[in-house]
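# Coordinates in review
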Amino acid sequence: MTEPTGHHPELFEPLHLGPITLRNRIVMGSMHTGLEERFWDTGRLAAYFAMRARGGAGLMITGGIAPSRTGLLLPFGAKMTNRLDAWRHRRVTRAVHAEGGLIAMQILHAGRYGYTPFKFNVSWDKSPIHPFQPIKLNDFMIRHIVRSYGRSAELARRAGYDAVEVMAGEGYLLNTFLCPRTNQRTDRWGGSTENRQRIVLEIIDAIRAAVGPDYPIIVRQSIADLVKGGQTWDEIAGLARALQAHGVTAINTDIGWHEATVPTIATSVPRAAFVKFTERLRDEVDIPLIASNRINAPDVAEEILRRGRVDAISMARPLLADPELPVKAQHGRADEINTCIGCNQACLDHAFVGKKVSCLLNPRAGRETTLVLSPTRIARRVAVIGAGPAGLAAAVSAAERGHRVELFEAGAAIGGQFAIAARIPGKEEFAETIRYFTRQLEVRGVTVHLSTRATAENLIAAAFDEVIVATGVTPRIPDIPGIDHPSVLTYADAVLGHREVGARVAVIGAGGIGFDVTEFLTVEDSPTLDLKEWEQEWGVSEDLTVPGFVTTPRPAPAARTVYLVQRKAGGQGRGLGKTTGWIHRAGVKMKGVEQISGARYDRIDDEGLHLSFPDSDTPARVLAVDSVVVCAGQESVRDLVAPLTTAGVQVTVIGGADVASELDAKRAIRQGTEVAAGL
Ligand code: NAP
Ligand code: SF4
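Residue numbering note: each chain is counted from 1, following its sequence as written. Labels follow written order: the first chain is A, the first ligand is 1, and so on. The model is predicted, so local features are restricted to residues of pLDDT at least 70 and side-chain atom pairs to those at 80 or more, both for listing and for counting; the totals for chains, interfaces and linings are taken over all residues. Excluded from the side-chain calculations are hydrogens and water; all other atoms, namely the structure's heavy atoms, are used.

Under the scheme used here, helices are H or I runs from DSSP no shorter than 4 residues and strands are E runs no shorter than 2 residues, and both carry numbers assigned from the N terminus. Scanning the protein chain for helices and strands turns up 21 helices and 27 strands. Counting only C-alpha atoms, the protein chain reaches 75 × 65 × 45 Å along its principal axes. Going through the 679 residues of the protein chain one by one, you find that 60% of them count as buried. Nonlocal contacts in the protein chain, meaning residues at least 24 apart in sequence, comprise 72% of its contacts between residues at least 6 apart. Methods summary: accessible areas were calculated by the Shrake-Rupley approach with a probe of 1.4 Å, and residue burial reflects only the protein chains presented. Taken as a whole, the protein chain presents about 26000 Å² of accessible surface, with 52% of it coming from carbon and sulfur. In the protein chain, the 77 positive side-chain charges and the 76 negative ones have mean positions that sit 7 Å from each other. A 1.4 Å probe rolled over the protein chains alone gives each residue an accessible area, and that area as a share of the maximum for its type sets the label: buried under 20%, exposed over 50%, partly exposed in between. Whether two residues are in contact is decided by their heavy atoms, any of which lying within 4.5 Å being enough. We treat Lys and Arg as the positive residues and Asp and Glu as the negative residues; His and chain ends play no part in the count. For the purpose of locating charges, the reference atoms are NZ of Lys, CZ of Arg, CG of Asp and CD of Glu.

Over the atoms, a rolling probe the size of a water molecule traces out where space has been left empty. Buriedness of a pocket was judged along seven lines, with at least five required to meet protein on both sides within 12 Å; pockets are open sets of points on a 1 Å grid over the protein atoms alone, cavities are sets where a 1.4 Å probe fits but cannot get out, and lining residues have an atom within 4 Å of a point. Grid points are joined across faces, edges and corners, and a volume is the space filled by probe spheres set on the points. A full pass over the atoms with the stated rule returns two cavities of 30 Å³ or more. Every residue lining the largest cavity is counted, 13 residues in all, and those nearest its centre are Cys 340, Cys 343, Asn 344, Cys 347 and Cys 359. Among the residues forming the lining of the largest cavity, the class breakdown is nine nonpolar, three polar and one charged. Counted as a void, the second largest cavity has a volume near 30 Å³. Forming the walls of the second largest cavity are Pro 389, Leu 392, Gly 415, Phe 418, Thr 433, Ile 434 and Phe 437. Elements with a contribution of two residues or more to the lining of the second largest cavity: α12 (389–400) and α14 (430–443). In terms of residue count, α14 provides more of the lining of the second largest cavity than any other element does, three residues in total. A class-by-class count of the residues in the lining of the second largest cavity yields five nonpolar, two polar and no charged. Gly falls in the polar group here, along with every residue not listed as nonpolar (Ala, Val, Leu, Ile, Met, Phe, Trp, Tyr, Cys, Pro) or charged (Asp, Glu, Lys, Arg).

Another aspect to go through is the sheet that holds strand β9 (residues 217–224). Two strands make a pair as long as DSSP finds a minimum of two bridges between them. The eight strands are arranged β3-β4-β5-β8-β9-β10-β11-β12 in a closed barrel whose pairing can be described as parallel. Within this sheet the neighbouring strands show an average axis-to-axis angle of 30°, counted without direction. With two bridges connecting them, strand β3 (residues 26–28) and strand β4 (residues 59–65) associate as parallel partners. Opposite Met 28, over in β4, you have Met 60 as the bridge partner. For helices, the fitted axis covers only the stretch in contact; all axes are lines through C-alpha atoms, and the angles between them, taken along N-to-C directions, range from 0 to 180 degrees. Lying on the sheet, helix α3 (residues 139–158) is in contact with β5 (103–107) and β8 (163–168); it crosses β5 at an angle near 160°.

Near is defined per residue: the residue qualifies when any heavy atom it owns lies within 4 Å of the molecule or strand. In the region of ligand 2, the neighbouring residues are Arg 317, Leu 320, Cys 340, Ile 341, Gly 342, Cys 343, Asn 344, Ala 346, Cys 347, Cys 359, Leu 360 and Leu 361. To be counted as sitting in a cavity or pocket, a molecule needs more than half of its atoms within 2 Å of that site's grid points. If you map ligand 2 onto the pockets, it falls in the largest cavity. Residue composition of the shell around ligand 2, by class: nine nonpolar, two polar and one charged.

Given the number of residues in a helix, its expected span is that number minus one, multiplied by 1.5 Å. Across its 14 residues, α14 extends 20 Å between first and last C-alpha, which sits within 8% of the 20 Å expected from 1.5 Å per residue. Every buried residue belonging to α14 is among Phe 430, Glu 432, Thr 433, Ile 434, Arg 435, Tyr 436, Phe 437, Gln 440 and Leu 441, and all of these are buried. On the buried face of α14, the contacting elements are α12, β14 (404–408), α13 (417–421) and β15 (447–449). The positive-phi residue at the C-terminal boundary of α14 is Gly 445, with phi of around 70°.

Let's shift gears to the sheet that holds strand β18 (residues 488–490). Pairing between sheet strands relies on hydrogen bonds along the backbone, with the strands arranged either parallel or antiparallel. Pairing in this open sheet of five strands is parallel, and the strands run β18-β25-β19-β20-β21 from one edge to the other. In the strand order of this sheet, the two ends are held by β18 and β21 (594–596), each with one partner. Mean inter-strand twist for the sheet, computed between neighbouring axes without regard to direction, equals 25°. As paired elements, β18 and strand β25 (residues 627–630) share three bridges and run parallel to each other. Its bridge partner being in β25, Thr 490 is matched across the sheet by Val 630. Contacts from helix α17 (residues 512–522) reach β19 (504–508), β20 (561–565), β21 and β25 within the one sheet, and its direction differs from that of β20 by about 175°.

For the rest of this paragraph, the subject is the pattern of salt bridges. One side-chain nitrogen of Lys or Arg within 4 Å of one carboxyl oxygen of Asp or Glu is enough to make a salt bridge. Summed over the entire model, instances satisfying the criterion amount to 43 salt bridges. Taking the shortest distance from any N to any O, the salt bridge between Asp 139 and Arg 143 comes out at 2.7 Å. Taken together, the residues Asp 139 and Arg 143, both in helix α3 and four residues apart, mark about one turn of the helix. Taking relative accessible area as the criterion, Asp 139 reaches 28% and is therefore assigned partly exposed. Under the relative-accessibility criterion, Arg 143 is labelled partly exposed at 37%. Here Arg 603 ties to Asp 605 by a salt bridge, and the two come within 3.2 Å at their closest N and O atoms. Residues joined in a network through salt bridges with shared partners are Arg 271, Arg 294, Glu 429, Glu 432 and Arg 435.

At their nearest, the axes of helix α1 (residues 42–54) and helix α2 (residues 83–98) sit 8 Å apart, and the two run at 20° to each other. Looking at the two axes, α1 sits roughly parallel to α2. For the pair α1 and α2, the sense of crossing is right-handed. Across the interface between the two elements, Thr 42, Gly 43, Leu 45, Ala 46, Phe 49, Ala 50 and Ala 53 from α1 touch Arg 88, Arg 91, Val 92, Ala 95 and Val 96 from α2. Just so you know how the angles are binned, under 35 degrees is roughly parallel, over 145 roughly antiparallel, 65 to 115 roughly perpendicular, and the rest oblique. Whether a crossing is left-handed or right-handed is set by the direction in which the near helix is turned from the far one by less than a right angle, anticlockwise for left-handed and clockwise for right-handed.

Quick look at the structure:
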């Protein structure tokens with residue numbers, strides 16, 4: 001867990017980027033919010049950035065804006081191609097400047113990553129993660145795209161942006177030109193390294209010519225593609241030197257294509273895992289370098305800056321989770337930061353299905369104008385029952401508004417399902433959320449009653465104005481013959497160490513928790529991987545001559561033999577997060593877990609778990625296991641609701657106590673915050 005670290009002197013050293021001076025080294029990296037596209041969302045976008053400017057970010061970078069219609073990320077997506085577009089964006093830049101902030105516009109040509117059937121790329125090759133095939137650009141179109149970058153940058157300057165960033169990473173158009181993986185052209189835009197890099201350098205020249213000699217140009221350069229056929233280090237270093245020679249002001253380093261099979265930003269990626277790539281680039285260029293990926297806390301950023309090889313730190317999701325991260329860090333209040341846990345559940349998972357982006361921990365992100373915790377005029381006495389994510393969010397938000405809040409928790413500690421999640425290997429970050437809420441309860445003056453089971457009688461007698469029931473869930477115990485056999489335990493007992501788990505285990509239920517528990521059981525002996533082990537596990541190469549820096553993964557052997565079982569036929573883990581589900585599915589495969597679908601649970605006895613397969617020809621079998629861990633979902637705990645309602649108490653039910661079937665921290669925290677906002 002992060003310790004508060006005082007005032008972070010390196011982080012709060014100003015940084016000059018040409019004519020602009022960043023007040024600190026915190027750059028809010030580009031993240032598509034879903035508010036960029038439509039003019040009626042511009043006010044929300046302005047409020048979103050204004051709040052982060054008020055929170056102290058040194059520089060913010062918009063989500064990707066296309067320089068031409070050929071580069072749209074979505075049908076009718078965000079673009080900067082004419083004066084009307086520039087006029088609309090003035091509302092955003094003015095709002096940021098009014099708060100003393102700086103903002104750059106990212107110019108992004110989506111290439112084959114456009115979510116549209118009508119898209120263009122370096123070649124005809126389809127992306128493995130998108131349904132539509134691109135059209136191969138011809139020479140005329142490429143020259144037009146080059147010019148369009150210049151025009152777009154000039155319009156961005158007119159719109160009041162303080163800089164532009166050119167996206168040349170993550171597998172978008174420019175990155176596909178740079179890599180032999182996708183660029184097999186034989187004309188002047190393909191073949192040799194010089195030809196593959198030509199488009200990027202011509203774009204920089206076009207922008208420089210359009211915006212004048214001083215205007216800051218940042219390039220988001222891919223410095224580790226993490227895909228086969230990616231760039232070698234020599235190519236990356238050479239491009240960085242050329243960018244500097246062509247007048248680029250700073251390089252914002254970028255890691256991994258979207259189609260990479262190495263996780264780059266998920267919670268299981270060790271913090272600052274890729275900084276060494278950025279630090280290596282210091283030997284090649286003198287212009288400022290910005291490091292990114294899984295740098296979510298000011299002390300981690302401070303340590304990187306102290307080493308002196310990186311000039312600024314990109315934090316996108318951390319400022320989504322807590323817009324005030326910079327001011328809190330600057331004033332020695334790091335323990336009050338709502339630390340991004342890298343879950344992706346409300347940010348990237350939303351972005352990749354075309355939904356507006358928010359944050360699981362901070363549902364006000366992206367809703368700055370609609371979900372407002374304004375001070376209350378009448379302070380009410382509010383009881384919140386249950387200190388899981390829903391109850392904590394409700395208690396802290398209600399107290400922030402000025403209500404007098406008492407929080408009752410039957411257990412000895414706060415956290416609920418998050419306390420279980422924090423024990424899962426690779427989910428250690430979830431402990432940060434418990435740290436955050438622990439501190440917020442103090443800061444907001446919530447009266448906390450731990451180890452206190454609130455009863456209806458006590459609550460009625462105390463005559464609270466409002467009772468918020470957030471009593472959560474209890475694991476579902478399925479009706480299987482032998483379910484009371486001594487080998488059977490719940491996931492909570494297994495993860496919290498209340499019961500021993502044997503060497504051979506069957507996990508009943510392959511939902512989110514079944515996968516988590518399976519990972520816990522297979523790596524339990526060394527729950528936290530160090531960076532070297534993690535790189536081996538996922539096949540990140542240290543060898544700079546290896547294109548893309550990917551090699552064969554060498555996972556550590558599983559600590560146990562685990563069977564993961566579900567009743568549904570077909571693949572497992574389909575309901576997991578859009579951007580993280582593949583990591584869990586790959587992790588379970590890497591550990592040699594046998595995944596069994598379409599099963600019926602016949603009984604559990606001394607022989608183990610008896611399965612049959614009524615809907616297929618698969619013969620019945622017995623899994624000879626020592627333990628059976630039940631991960632079969634949850635049921636709501638809401639015993640308090642009926643007696644309180646009968647007694648006429650104003651009751652609101654939130655979180656898992658409200659709906660257990662889709663137990664979900666994102667909904668729980670949002671519900672808790674919304675209820676508090678409406679009190
Ligand atoms: P879940 O995703 O709904 O999965 C429950 C599993 O139990 C299903 O695989 C279901 O599969 C099985 N099941 C349900 N009723 C059963 C019964 N009567 N007997 C036997 N099996 C039964 O619930 P969860 O795993 O508890 O996760 C809860 C929520 O937490 C998820 O919705 C997710 O939002 C969140 N979560 C997500 C992640 C992640 O994305 N990595 C991790 C942890 C938690 P069959 O019906 O096919 O057997
Ligand atoms: Fe971070 Fe998760 Fe919030 Fe995204 S949703 S910003 S990953 S905490």
